[in-house]
Amino acid sequence: MPIQAAFGRLLALAVATAVMAGGVLWAGPEPAWTLEQQGRTYTYTLTLSSALPADVILDVLFQPRHVAAFSKSAGRLVVLNEHGPVNEVRFDTRRLIFKCSSTFLRTLDREAGSIEIEMTGFKAGWGKLAPHAQSSRARYTVTDHGAIREIVYRQDVETDKPVSGYSLRVLRKSMGEFARDLDEYLRRPDLVRDADGQPGLVK
């Protein structure tokens, strides 16, 4: 949401999906995120700010080693392919009786300040107990506002049916965890460029 993530990314945030029809759920004052639904589709939007340079933020949001660190709530990340500005990753997620694997194709457009994320595979092991994600597209956009960079993550998901009860609680919890984890990760003071010019965490 992930991910997405993660995320998105997020990221396997489609483990359980849907909220009350037409409703908007706020995660709280900081970080700010919303979750809206129209029928079987929902949109998750997260907005953050960072003083890090835009190119560092893009690398952190794109590189699998960083995505794995801030998307722990989405499950275990497995890198399937890496080819320059394109990578393919899989999130293996388990929450009590809910288990699934979600595969995402992620494309970095540094000039546009964005990362496009498309779900290319989804396998769930819960049968008819909860909804199944049918499609998911997400996008990170990083905008420079001088001293501060604004990061917006938007994920649009379609499921086979809306849900409520336990699945709704799981969804809200996953979204909140992802928002907090990413916000905290971007605030780390030791997020710097390493000797190869790549963002890395000094231990």
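Residues numbered from 1 in each chain as written. Predicted model: local features only at pLDDT ≥ 70, side-chain atom pairs only at ≥ 80, totals over all residues. Heavy atoms only, no water.

Trainee: Teacher, can you tell me more about helix α1 (residues 54–62) here?
Mentor: An α-helix turns once per 3.6 residues; consequently, residues spaced three or four apart project the same way. Here α1 lies mainly inside the structure; seven of its nine residues are buried. Those residues of α1 lying buried are Val-56, Ile-57, Leu-58, Asp-59, Val-60, Leu-61 and Phe-62. (Buried < 20%, exposed > 50% of the residue type's maximum accessible area, 1.4 Å probe, protein only. Helix = DSSP H or I, 4+ residues; strand = E, 2+ residues; numbered from the N terminus.)

Trainee: Would you mind going over the pairing of strand β9 (residues 149–159) with me for this structure?
Mentor: Put simply, side chains in a regular strand alternate between the two faces of the sheet. On β9, burial follows the alternation: Arg-149, Ile-151, Tyr-153, Gln-155, Val-157 and Thr-159 on one face are buried, whereas Glu-150, Val-152, Arg-154, Asp-156 and Glu-158 on the facing-out side are not. With ten bridges joining them, strand β3 (residues 41–50) and β9 adopt antiparallel strand pairing. The residue of β9 that forms the bridge with Thr-45 is Arg-154. When strand β8 (residues 133–144) meets β9, the two strands line up antiparallel, connected through eleven bridges. Its bridge partner lying in β9, Thr-141 is registered against Val-152. (Pairing = 2+ DSSP bridges.)

Trainee: Looking at this structure, how should I read the confidence of the model for the protein?
Mentor: Caution applies to low-pLDDT parts of the model: their predicted coordinates are not meant to be read in detail. Across the protein, the average pLDDT comes to 79, with 73% of residues at or above 70. By mean pLDDT, the top-scoring element of the protein is α1 (95), and the lowest-scoring one is strand β1 (residues 24–26) (42). A low-confidence stretch, residues 1–28 (pLDDT under 50), is modelled with 143 contacts involving residues beyond four sequence positions or located in other chains. (pLDDT = per-residue confidence, 0-100. Contact = heavy atoms within 4.5 Å.)

Trainee: Would you mind going over the side chain of Glu-88 with me for this structure?
Mentor: When you line up the elements, Glu-88 lands in strand β5 (residues 86–95). Of the side chains with opposite charge, Arg-90 lies nearest to the buried Glu-88, which makes no salt bridge, at 9.1 Å. Excluding residues that lie within four positions of it along the chain, Glu-88 makes contacts with Val-78, Val-79, Leu-80, Asn-81, Thr-103, Phe-104, Leu-105 and Thr-120. (Lys, Arg positive; Asp, Glu negative; His and termini not counted. Salt bridge = Lys/Arg side-chain N within 4 Å of Asp/Glu carboxyl O.)

Trainee: Is there a simple way to think about the pattern of salt bridges in this case?
Mentor: Where charged atoms from two side chains of opposite charge approach closely, those side chains can pair. Applying the stated criterion to the full structure yields ten salt bridges. Of the charged contacts in the structure, one is a salt bridge between Glu-158 and Arg-40, with a shortest N-O distance of 3.3 Å. With Glu-158 in strand β9 and Arg-40 in the loop between β2 (32–38) and β3, the pair connects residues that are 118 residues apart, well separated along the chain. What makes Glu-158 partly exposed here is its relative accessible area of 27%. Here Arg-139 makes a salt bridge to Glu-116, at a shortest N to O gap of 1.9 Å. Here Glu-116 lies in strand β7 (residues 114–124) and Arg-139 lies in strand β8, a separation of 23 residues in the sequence.

Trainee: Even after reading the chapter, I still don't get the environment of Ala-138, so can you show me in this structure?
Mentor: Relative to the assigned elements, Ala-138 resides in strand β8. Note: C-alpha distance between Ala-138 and Ile-117 (21 residues apart in sequence) is 4.9 Å. Contacts of Ala-138, omitting those with residues within four sequence positions, involve Ile-115, Glu-116, Ile-117, Tyr-153, Arg-154 and Gln-155.

Trainee: Is there a simple way to explain the pairing of β2 in this structure?
Mentor: As paired elements, β2 and β3 share seven bridges and run antiparallel to each other. Note on β3: the bridge partner recorded for Leu-35 is Tyr-44. Between β2 and β3, which follow one another and run antiparallel, lie two residues, and Gly-39 among them has a positive phi close to 65 degrees.

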